[in-house]
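If you want the building blocks of each chain, they are given just below.
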Amino acid sequence: MAFSAEEMLALYRKMLLVRRMEEKHGELLASGDIWMMGHFGTGQEAVAIGITAPLKKEDYLFPTHRGVGEFIGKGMVPKDIWAEYYGRTTGLAKGKGGLHLSDVRVGLMGLVGSLGADFAVAVGTALSSKMRGTGQVTMIYFGDGTSNQADFHPSMNLAALWQLPIVFACANNQYSELAHYRETTSTEHIAPRAAGYGVPWKIVEDGNDIQAVYAATAEAVDRARRGEGPTLVEYKTYRIAAHFTGDPGGYQPKEEIEEWKKKDPIDRFRARIIEQKVATADDLENMNREVIAEVEDAVKYAQESPWPAPEDIYQDLYA
Amino acid sequence: MAFSAEEMLALYRKMLLVRRMEEKHGELLASGDIWMMGHFGTGQEAVAIGITAPLKKEDYLFPTHRGVGEFIGKGMVPKDIWAEYYGRTTGLAKGKGGLHLSDVRVGLMGLVGSLGADFAVAVGTALSSKMRGTGQVTMIYFGDGTSNQADFHPSMNLAALWQLPIVFACANNQYSELAHYRETTSTEHIAPRAAGYGVPWKIVEDGNDIQAVYAATAEAVDRARRGEGPTLVEYKTYRIAAHFTGDPGGYQPKEEIEEWKKKDPIDRFRARIIEQKVATADDLENMNREVIAEVEDAVKYAQESPWPAPEDIYQDLYA
Amino acid sequence: MTRTITYQQAINETLRQEMEKDKMVFILGEDVRVSPFGQTAGLVEQFGKERVRNTCIAESAIVGTAIGAAMTGMRPVAEIMFADFMYLAMDAIASQAASWRYMTGGQVKLPLVIRTVSGAGWAMGYNHSQSTEASFMHPPGLKIAVPSTPHDAAGLLRTAIRDDNPVLFFEHKFLFPTSGEVPDEEYAIPFGQADVKRQGKHVTVVATLLMVHKALAAADELSQEGIEVEVVDPRTLTPLDKETILASVKKTGRLVTVEESRARNGVGAEIAAMVASEGFDFLDAPIQRVGAPDVPIPYSPPLESTFIPNEDRIIEAVRRVLG
Amino acid sequence: MTRTITYQQAINETLRQEMEKDKMVFILGEDVRVSPFGQTAGLVEQFGKERVRNTCIAESAIVGTAIGAAMTGMRPVAEIMFADFMYLAMDAIASQAASWRYMTGGQVKLPLVIRTVSGAGWAMGYNHSQSTEASFMHPPGLKIAVPSTPHDAAGLLRTAIRDDNPVLFFEHKFLFPTSGEVPDEEYAIPFGQADVKRQGKHVTVVATLLMVHKALAAADELSQEGIEVEVVDPRTLTPLDKETILASVKKTGRLVTVEESRARNGVGAEIAAMVASEGFDFLDAPIQRVGAPDVPIPYSPPLESTFIPNEDRIIEAVRRVLG
Ligand SMILES: Cc1ncc(C[n+]2csc(CCOP(=O)(O)OP(=O)(O)O)c2C)c(N)n1
Ligand SMILES: Cc1ncc(C[n+]2csc(CCOP(=O)(O)OP(=O)(O)O)c2C)c(N)n1
Ligand SMILES: [Mg+2]
Ligand SMILES: [Mg+2]
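Reference entry: report on the structure contained in this document. (Residues numbered from 1 in each chain as written. Chains lettered and ligands numbered in written order. Predicted model: local features only at pLDDT ≥ 70, side-chain atom pairs only at ≥ 80, totals over all residues. Heavy atoms only, no water.)

## A closer look at the packing of helix H1 (residues 5–30) of chain B against helix H10 (residues 281–304) of chain B
Residues and elements named next belong to chain B.
So, step 1. Packing of H1 against H10 brings their axes to within 9 Å, and their N-to-C directions diverge by 45°. One element, H1, and the other, H10, form an angle in the oblique class. As for the relative orientation of H1 and H10, their crossing is right-handed in sense. Here Leu9, Tyr12, Arg13, Leu16, Leu17, Arg20, Met21, Lys24 and Leu28 of H1 lie close against H10, whose contacting residues are Leu284, Met287, Asn288, Glu290, Val291, Ile292, Glu294, Val295, Glu296, Val299 and Gln303.
So, step 2. Considered class by class, the residues forming the contact of H1 with H10 number 12 nonpolar, two polar and six charged. (Axes fitted to C-alpha atoms, helices over the stretch in contact; angles between N-to-C directions. Helix = DSSP H or I, 4+ residues; strand = E, 2+ residues; numbered from the N terminus. Parallel < 35°, antiparallel > 145°, perpendicular 65-115°, else oblique. Left-handed = near helix turned anticlockwise from the far one by under 90°. Contact = heavy atoms within 4.5 Å. Nonpolar A, V, L, I, M, F, W, Y, C, P; charged D, E, K, R; others polar.)

Next comes the structure, spelled out in structure tokens:
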């Protein structure tokens, strides 16, 4: 997959933004400034940004709880994220969603709390765009742990049966909460389960290579867009972060974490950018400073935004 | 699979008994003598009897709503079935279960009303026998339609993960209620879905050949008994009966039904028995008369059994 | 002008009319093309397989699919074959459909109907006979319609389909063949408007679905002794028309609630609690609740008929409340 | 002799003791080996991976597996990580676990516990904060324990594990670190016995879980004005100790119910309806229910704290009921 210099830098910037957003979240938690626990996607930014890059704004995405990666990828902006995390009226959900972010303008339909509850919802949006003839693609992004949830099964079946424009994107980060995924999953790979439904599948062995992620995903998105039905893509990656802030830890071997830190997707893409002379280290450092400033501004915007009033609790229930 | 003459006759007798039981049910419904609707398994007797034959009495079976086949196969006797269908105190469930038959003495753990709700329950009984070290095998028997129910998925995963002694037995009778199964199932075959979990599978192409059914099932049961984990077996057959008595019908092409009537599993096994000189046509006609008498006696027993008293409604809720 | 149709026809006609009017309306569920109870019969012939869509047997996914379609501009009418199976989709209904708009701060709307069939009495046993409507009153965000007549069925279903929020629509097996008058012209019944199915002055009986008819039969009988029962049919459980119920209790001073399901934490519990709070001063006697005993639904007819509340139990409750 | 332990310890210890005593007892659920809240912490080290069994993320299958194990001689203690997710297993719990013994006419027993964690206030949003216990009172066949102290947690959990029937055991997030006295020797608390957590004579407040503590705080405050509130903690919702509640209302003549979840068709609805029927003559004033508003649980702290009933709202309700 050949990217233009501009594209490479845009993707790099997004990955960086995700990392800085989550680092900031960690800091704010440590200082007691924010109370919402974090589930960070450190080390998985290549997947989150790589899978969302081939999507159009009007495509639908059902995201995960693992940080802000795919939210940034799909086009949500930091200030909208922080405003919601800070529970302010300026949040797109006016503080009602919190972690359960949404930005329907860019196709971010909302993060469910019950893992897997969105498999069938994604089938529904894909069915809807097919019935309405809009050409929109739906992507449902989920983890290895979530892939075992019951609704995966009828959802794959219906998506295949109706040949819906949908991509099932599975981030296999090797952990489901506080245990290795093989403690609860019978097979090493998730993607081949698609075959049972007649759905094509692919494994991206190096999910920390954003270009590989992009290429496999773009193919699946194109297939969907052409009306050729669903695809399941699995991305092998690793959760360097704890499951959540406050996590007791200890169940991920130290060496394993160290090993994977060496495969950091941002570092690797950075090296490639410099190597291919797309930008210099200085350029990237400038970009980093810009990104940090963007994050700081967004946090400030959120912090200065008004709180909802108690009576707002009654709003937004019914249309 | 070589059967002794005795075994052949025993299997034949059971198939015949199932057919006569269901025919009788139809008659009793027509005459208004019984009110419980029937979901008959006409044409599928080879599967029901063939899959249960390799099971021991102490093995667990989760049956289907499609007639009495696997109940007879697992060892439930006609009078217990009729007593329950007639809602009498002599029923094993004292009239509380009705269609939802059970006979725990022979490992018939009960028929659930929510299709697929027993997938995970079967995982539980298999886990239990593994933990208790009893060597018991669990079989969960289900239809093509039920195979799409959500719980199939985590149940396959857990059965495979824990290498449980369980057989998933799927009767693909080509219809799910009032529609062809391909109207709601994305693939022609169900069994290959097992591969996604690392579970071995097999398709019995001629599910109306009881010997083929038996052979494939026995292999799976033996695997389970040896502690080698689950297997999924799919049996291709056909539902000659309507979905339920009172069914509007019309969605199964007449020629299709006629075609399959020619493959009637009882007729075919009968021909083989005579051809192999295991018994004569006269012997089999005598057996038929015996079976009819057994059914009649059982119905009579049920009809003469006492009704529960209104206050019995409060019993059997808590242990 | 009016005409007489059955409850099943009322539903079938309304679905057809709304599908004719709005091409975003479509139907999905198990066997909705053939339709064993007939509510969606004939629609596939008129509207095609795209808009009358058989799904696999997976209730949670039926509801999930409807949620996704609804939030992106379609107006799905999902069917869950039996009300028992609503529990298989409980998370999708009570946690997702009910909350999605709220958790997005109003960014999406969910014009979605879930129709289902409740009711015991057909000897179908513990898991094809339940009335589960009460279970959906505790979660927020759901509107619940419980029509007892062809007139209410058509009028409430029309409102349900046109509503921009999730609506649960409970039909009763035994009501399908019952008939009643409906206006010739199209009409809709607003949610939250109870209907006084019979005027009375001595006791208020609040009943739903099939129980409305049993309450009316009980009222007829009691009337012969000069006891005039007022039968109030809430028609929707959420929103609940407290005013009509309270006005009736104010008049009669006595309340009996009747439902087919278990009384424990049933529909009547909420109504009784509401009246014990907001209408306490009107009450001249203890509130009586009539419902099923706290057991699963048994199969055997003598047991099943002990389970289902009947005229006699309603009459007894009315007598009790009269002291 | 007594000692002081936390609620989390009470649960952890009781699980350990029962597992030591009966090798048929085993634990299954998501992440029960590491145990984010600590209830099952350390058990895998002592009992091994066979008896402390991590499952995949599939709540319906967790409960289904427990049902199957229970009916064949094991005594599973299943964990559903958050009470919200009980809805994902609603059919398994409310239609299958609850009915299986009944539908087999008593051929099997189901000694099965489902532990879960409820409660809002941690800014976890609409779907990790619900208190869903009320939803399991309408279906039959389930016993429901709602411990508010370490003492009740240990005593009720022991009874739950030894019970031969399905028991739902609701723990509250905010109670885990709270501590209290427990006897040194092993003890069990029978189901269906409410505990009067504070004696009073002017108003009866029936509260559960965290709300017991808020009710006690409200009672302390009101006591300074000479209003003596009696706080009754039912401890189990089914069976419900009607006698203790009715005796208290008989004494006080006034009832306020308090629960963390929505009042609509909540726990308080059943209690209020019961008292409005069986204790009507004791009542001197309208019953008041305190609960959450009929909305999903919002994330933003000022909204979330509006959602959760607090001392002030309890005090207000007490004042209202005093007229
Ligand atoms: C239905 C449901 N069960 C349990 C949880 C609690 N939970 C939150 S994240 C998580 C692990 C998810 O693992 P995976 O899908 O692999 O995603 P990852 O956290 O690794 O990104 C669990 C069990 C939940 N949110 N929903
Ligand atoms: C959860 C659930 N949904 C729907 C039904 C209604 N129902 C009863 S039988 C049936 C069709 C089952 O098809 P299949 O599994 O192929 O078995 P078959 O009837 O062909 O033997 C349906 C949908 C049910 N019992 N449970
Ligand atoms: Mg993971
Ligand atoms: Mg079938």
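## Re the sheet that holds strand E2 (residues 138–143) of chain A
Residue and element names in this part refer to chain A.
So, step 1. Strand order in the open sheet formed by five strands is E1-E2-E3-E7-E6, with parallel pairing between adjacent strands. Two strands lie at the open edges of the sheet, namely strand E1 (60–62) and strand E6 (201–204), each paired on one side alone. Strand-to-strand twist across the sheet, computed as the mean angle between neighbouring axes with direction ignored, equals 15°.
So, step 2. Here strand E3 (residues 166–172) pairs with strand E7 (residues 231–236) via six bridges, running parallel. Opposite Ala169, over in E7, you have Val233 as the bridge partner.
So, step 3. Relative to the sheet, helix H7 (residues 210–225) contacts E2, E3, E6 and E7, its axis offset from that of E7 by approximately 170°. (Pairing = 2+ DSSP bridges.)

## Here's the deal with the pairing of strand E2 (residues 25–29) of chain D
So, step 1. With five of its five residues buried, E2(D) lies for the most part within the structure.
So, step 2. Burial along E2(D) is two-sided: Val25(D), Ile27(D) and Gly29(D) and Phe26(D) and Leu28(D), pointing in opposite directions, are all buried. (Buried < 20%, exposed > 50% of the residue type's maximum accessible area, 1.4 Å probe, protein only.)

## Some thoughts on the site of ligand 1
So, step 1. Near ligand 1, the surroundings consist of 22 residues, among which His65(A), Arg66(A), Thr146(A), Asn173(A) and Glu59(D) are the closest.
So, step 2. Surrounding ligand 1 is a set of residues that belongs to chains A and D.
So, step 3. One of the side-chain nitrogen or oxygen atoms of Thr146(A) is found 2.6 Å away from an oxygen atom of ligand 1.
So, step 4. Burial of ligand 1 by the protein amounts to 96% of the accessible area it has alone, namely 580 Å².
So, step 5. A per-class count over the shell around ligand 1 returns six nonpolar, 11 polar and five charged. (Near = heavy atom within 4 Å. Polar contact = N/O pair within 3.5 Å; in protein donor to acceptor, adjacent residues only side chain to side chain. Areas by Shrake-Rupley, 256 points an atom, 1.4 Å probe, with all protein chains shown as cover.)

## Some points on unusual backbone geometry
So, step 1. Across the junction of Thr238(C) and Pro239(C), the peptide omega takes the value -5°, indicating a cis bond.
So, step 2. For Pro239(C), the position within the fold is in the loop between strand E12 (236–238) and helix H8 (242–252).
So, step 3. Unlike most non-glycine residues, Lys277(B) shows phi in positive territory, near 60°.
So, step 4. Following the sequence through the fold, Lys277(B) ends up in the loop between helix H9 (265–275) and H10.
So, step 5. A relative accessible area of 71% means that Lys277(B) is categorised as exposed.
So, step 6. Unusually for a residue other than glycine, Asn265(C) sits at a positive phi of about 50°.
So, step 7. Tracing the sequence through the fold places Asn265(C) in the loop between strand E13 (255–262) and helix H9 (267–278).
So, step 8. What makes Asn265(C) buried here is its relative accessible area of 2%.

## Examining the nonpolar core
So, step 1. Ranked by internal contacts, the top residues of the largest apolar core, which has 259 residues, are Ile67(C), Trp100(C), Ile67(D), Trp100(D) and Val275(D).
So, step 2. Aside from chain neighbours lying at most four places away, what touches Ile67(C) is Val121(A), Ala92(C), Gln96(C), Ala97(C), Trp100(C), Leu110(C) and Leu112(C). (Core = buried A, V, L, I, M, F, W, Y, C linked by side-chain atoms within 4.5 Å.)

## So, the interface of chain B and chain C
So, step 1. Contacts between chain B and chain C engage 39 residues on the former and 34 residues on the latter.
So, step 2. Roughly 2800 Å² of surface becomes buried between chain B and chain C when both sides are summed, with 65% attributable to carbon and sulfur atoms.
So, step 3. Among the residues chain B hides against chain C, the three largest losses belong to Gln149(B), Glu183(B) and Ile313(B). Together they make up 19% of the total.
So, step 4. At the junction of chain B and chain C, the tally comes to two salt bridges. (Buried area = accessible area lost by both parts, 1.4 Å probe. Salt bridge = Lys/Arg side-chain N within 4 Å of Asp/Glu carboxyl O.)

## Thoughts on the interface of chain C and chain D
The figure often quoted for interface size is the accessible area lost as the parts come together.
So, step 1. Contact with chain C, which involves 49 residues of that partner, is made by 49 residues of chain D.
So, step 2. Here chain C packs against chain D, burying approximately 4300 Å² in sum over the two surfaces, 57% of which is carbon and sulfur.
So, step 3. When the area that chain C buries against chain D is broken down by residue, the three leading residues are His138(C), Arg264(C) and Asn265(C), summing to 19%.
So, step 4. Counting across the chain C and chain D interface gives two salt bridges.
So, step 5. For the pair chain C and chain D, the number of links is 29 residue pairs in polar contact (both at pLDDT 80 or more).
So, step 6. At the level of elements, helix H4 (90–97), helix H5 (100–103), E13, H9 and strand E14 (288–292) of chain C are the ones that each hand at least two residues to the side of chain C that touches chain D.
So, step 7. When residues of the side of chain C that touches chain D are assigned to their parent elements, the largest contribution, seven residues, is made by H9(C).
So, step 8. Here the side of chain C that touches chain D is composed, by residue class, of 26 nonpolar, 15 polar and eight charged.

## Details of the relation of the copies chain C and chain D
So, step 1. Rotating chain C by 180° and translating it 0.0 Å along the rotation axis places it on chain D, where the RMSD comes to 0.0 Å. Classification of the inter-copy transformation places it as that of a two-fold axis. Relative to the rotation axis, the closest C-alpha in chain C is found at Ala273(C), a distance of 2.4 Å.
So, step 2. Take the interface residues of chain C: 100% of them recur as interface residues in chain D, which is what a same-surface contact looks like. (Least-squares fit on C-alpha atoms with pLDDT ≥ 70 in both.)

## Focus on the site of ligand 2
So, step 1. In the region of ligand 2, 22 residues are neighbours, and His65(B), Arg66(B), Thr146(B), Asn173(B) and Glu59(C) sit closest.
So, step 2. More than one chain lines the surroundings of ligand 2; the residues nearby belong to chains B and C.
So, step 3. Asp144(B) has a polar side-chain atom sitting 3.1 Å from an oxygen atom of ligand 2.
So, step 4. One of the side-chain nitrogen or oxygen atoms of His128(C) is found 3.3 Å away from a nitrogen atom of ligand 2.
So, step 5. For ligand 2, whose unbound accessible area comes to 580 Å², protein coverage reaches 96%.

## Quick word on the coordination of the magnesium ion (ligand 3)
Residues and elements named next belong to chain A.
So, step 1. Surrounding the magnesium ion (ligand 3) are the protein donor atoms Asp144 (OD), Asn173 (OD1) and Tyr175 (O), at 2.0 to 2.2 Å.
So, step 2. One chain supplies every donor to the magnesium ion (ligand 3), and in sequence these donors are spaced D-x28-N-x1-Y. Of this pair, Asp144 sits in the loop between E2 and helix H6 (152–161) while Tyr175 is found in strand E4 (residues 175–176), placing the two residues 31 residues apart along the sequence. The residues Asp144 and Tyr175 share a single accessibility class, namely buried. (Donors = N, O, S within 2.8 Å, 3.2 Å for Na, K, Ca; no water.)

## Things to note about the pattern of salt bridges
Residues and elements named next belong to chain B.
So, step 1. Inspection of every chain in the model, using the stated rule, returns 98 salt bridges over all chains.
So, step 2. Notably, a salt bridge pairs Lys94 with Asp316, separated by 3.0 Å at the nearest N-O pair. Of this pair, Lys94 sits in the loop between helix H4 (78–85) and helix H5 (118–132) while Asp316 sits in the segment after H10; the two residues are 222 residues apart in sequence, bridging distant segments of the chain.
So, step 3. Judged by relative accessible area, Lys94 falls into the partly exposed class, the value being 33%.
So, step 4. With a relative accessible area of 11%, Asp316 lands in the buried category.

## Re the sheet that holds strand E4 (residues 75–80) of chain D
Residue and element names in this part refer to chain D.
So, step 1. Ordered by their spatial adjacency, seven strands build an open sheet running E3-E2-E4-E5-E7-E6-E12, and the pairing between neighbours is mixed. Both edges of this open sheet fall to strand E3 (52–54) and strand E12 (236–238), since each of them pairs with a single strand only. The sheet shows a mean angle of 20° between the axes of neighbouring strands, direction not considered.
So, step 2. As paired strands, E2 and E3 are joined by three bridges and run parallel to one another. Bridging across to E3, Gly29 finds its partner in Asn54.

## Things to note about the packing of aromatic side chains
So, step 1. Tallied over the full model, the rule gives 43 aromatic pairs over all chains.
So, step 2. Look at Phe119(A) and Phe152(A): their rings are 5.6 Å apart centre to centre, the planes differ by 80°, and that puts the pair in the edge-to-face class. Taken together, the positions of Phe119(A) in helix H5 (residues 118–132) and Phe152(A) in helix H6 put the pair 33 residues apart, joining distant regions of the chain. For the residue pair Phe119(A) and Phe152(A), the accessibility class agrees, reading buried in each case.
So, step 3. Consider the rings of Phe37(C) and Phe176(C), whose centres lie 5.3 Å apart with planes at 25°: the pair is stacked. Residue Phe37(C) is located in the loop between strand E2 (25–29) and helix H2 (43–47), and its partner Phe176(C) is located in the loop between strand E7 (167–172) and strand E8 (179–183); the two are separated by 139 residues in the primary sequence.
So, step 4. Here Phe176(C) falls in the buried class, since its relative accessible area comes to 5%.
So, step 5. The structure contains a cluster of three or more aromatic residues connected by ring pairs, namely Tyr7(C), Phe37(C), Phe82(C), Phe85(C), Trp122(C), Phe174(C) and Phe176(C).
So, step 6. Here Lys96(B) stacks its cationic end above the ring of Tyr102(D), 5.1 Å away from the centre of that ring. (Phe/Tyr/Trp six-rings, centres within 6.5 Å; stacked < 30°, edge-to-face > 60°. Lys NZ or Arg CZ within 6 Å of the ring centre and 35° of its normal.)

## Let's talk about empty space enclosed by the protein
So, step 1. For the structure shown, the criterion picks out 15 cavities of 30 Å³ or more.
So, step 2. As a volume, the largest cavity reaches approximately 290 Å³.
So, step 3. Around the largest cavity, the lining is made up of 29 residues, and of these Ala150(B), Ser60(C), Leu88(C), Ser60(D) and Leu88(D) lie nearest the centre.
So, step 4. Where the lining of the largest cavity is concerned, the elements lending two or more residues are H4 of chain C together with helix H3 (59–70) and helix H4 (90–97) of chain D.
So, step 5. Of the residues contributing to the lining of the largest cavity, the split by class is 16 nonpolar, eight polar and five charged. (1 Å grid on protein atoms, 1.4 Å probe; cavity = no way out; pocket = protein on both sides within 12 Å on 5 of 7 lines; lining within 4 Å. Points joined across faces, edges and corners; volume = space filled by probe spheres on them.)

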